[in-house]
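# Coordinate inspection notes
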Amino acid sequence: TSAEVRSNMKNKNKWRLDDGGIIYKQDLIGATPMWILYHEELSPPFYTIVTSEQKQLTYIPKMDNEENEVREALDRDENFVPDLMELHSINIFDQQLKCTDNSLQVEEWEDVTDAQIVALKQKGRGTQRFACFGITRSMGEDHLSRGRILIAEVLEGGKYNTIFNEVQKFSVTAVGSVRGCLLIG
C-alpha cells in the first residue's frame, strides 16, 4: 500500500550508513548541535544537546564601571546589515529526540566551550556521573573574559538538578574528571 511505501521512505531518510559502516539516525532539531552527551545510566536514556542559533544584533553592547551590561540601540538606515551573534542553549532530549521542558540557562554573550560527562566522588556515595559545562563570557577585548562552571545531575524523566553554578575569574575552556576530582582548564 502507499502508506507502507511512505513509511519505508521516511525510515530510509532518517537511518543512514556512514563511511565506516556505522548506522546513524538523522533528525532535525531546529538548531546547530555543538555538543552531545548521552546519559546511558538513565532508563530510558536521554541526550543533552548543546545547540547554537544565530540572531541579529540589534543593539551595541557596552559595559559600565561595575561590569554591568548596557545596551545602546542601533539607529541606522534600512540598508545597514547588523552583525550576527550566537545564542547557545542546553536542552535535554529523549530517545525520539523530543525536547523536554527542562533546560539550563545560557545568557547572551556566553559561549559553551566544553561539555563532558564527569565522574565525581561524593561523600559516602562513591562516584556519580554529572553533566559538566564550561561556559565563557566575552564582551570584547576591552573587558576581561569571565567563565562559569555549571554542573548538573540528570534525573529520571529528563530533568536537571543543578549542583554547582558559579562565575569564575577566568575563562573556562575545558572540563574533565580525574579519579573523581574535577579538572578545569
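Here goes a summary of the coordinates provided. (Residues numbered from 1 in each chain as written. Predicted model: local features only at pLDDT ≥ 70, side-chain atom pairs only at ≥ 80, totals over all residues. Heavy atoms only, no water.)

### Points about the sheet that holds strand E9 (residues 110-122)
- Strand order in the open sheet formed by four strands is E9-E10-E11-E12, and the pairing between neighbours is antiparallel. In the strand order of this sheet, the two ends are held by E9 and strand E12 (159-168), each with one partner. The average undirected angle you get between the axes of adjacent strands in this sheet is 25°.
- Where strand E10 (residues 126-137) and strand E11 (residues 146-155) come together, seven bridges link them in antiparallel fashion. (Pairing = 2+ DSSP bridges. Helix = DSSP H or I, 4+ residues; strand = E, 2+ residues; numbered from the N terminus. Axes fitted to C-alpha atoms, helices over the stretch in contact; angles between N-to-C directions.)

### A closer look at the sheet that holds strand E7 (residues 84-93)
- Here four strands make up an open sheet; going across it, the order is E3-E4-E7-E8 and the pairing antiparallel. In the strand order of this sheet, the two ends are held by strand E3 (32-39) and strand E8 (99-104), each with one partner. Neighbour to neighbour, the strand axes of the sheet diverge by 30° on average, direction disregarded.
- The pairing of E7 with E8 spans three bridges and is classified as antiparallel. Bridge pairing in E8 places Asn91 opposite Ser103.

### Considering the packing of aromatic side chains
- Applying the stated criterion to the full structure yields one aromatic pair.
- Between Tyr38 and Tyr47 the ring centres are 5.1 Å apart and the planes differ by 40°, which places this aromatic pair in the tilted class. (Phe/Tyr/Trp six-rings, centres within 6.5 Å; stacked < 30°, edge-to-face > 60°.)

### Re the side chain of Arg148
- Residue placement: Arg148 occurs in strand E11.
- Looking at Arg148, its side chain comes within polar contact range of the side chain of Asn165, at 2.9 Å.
- Those residues within four positions of Arg148 in sequence are excluded, and the remaining contacts are Gln105, Val106, Glu107, Glu110, Phe133, Gly134, Ile135, Asn165, Glu166, Val167, Gln168 and Val172. (Polar contact = N/O pair within 3.5 Å; in protein donor to acceptor, adjacent residues only side chain to side chain. Contact = heavy atoms within 4.5 Å.)

### Examining the pattern of salt bridges
- Scanning the entire structure with this criterion turns up four salt bridges.
- Across the pair Lys55 and Glu108 runs a salt bridge whose closest N-O atoms are separated by 3.0 Å. Of this pair, Lys55 sits in strand E4 (residues 46-56) while Glu108 is found in the loop between E8 and E9, placing the two residues 53 residues apart along the sequence.
- Residue classification places Lys55 among the partly exposed positions, given a relative accessible area of 30%. (Salt bridge = Lys/Arg side-chain N within 4 Å of Asp/Glu carboxyl O. Buried < 20%, exposed > 50% of the residue type's maximum accessible area, 1.4 Å probe, protein only.)

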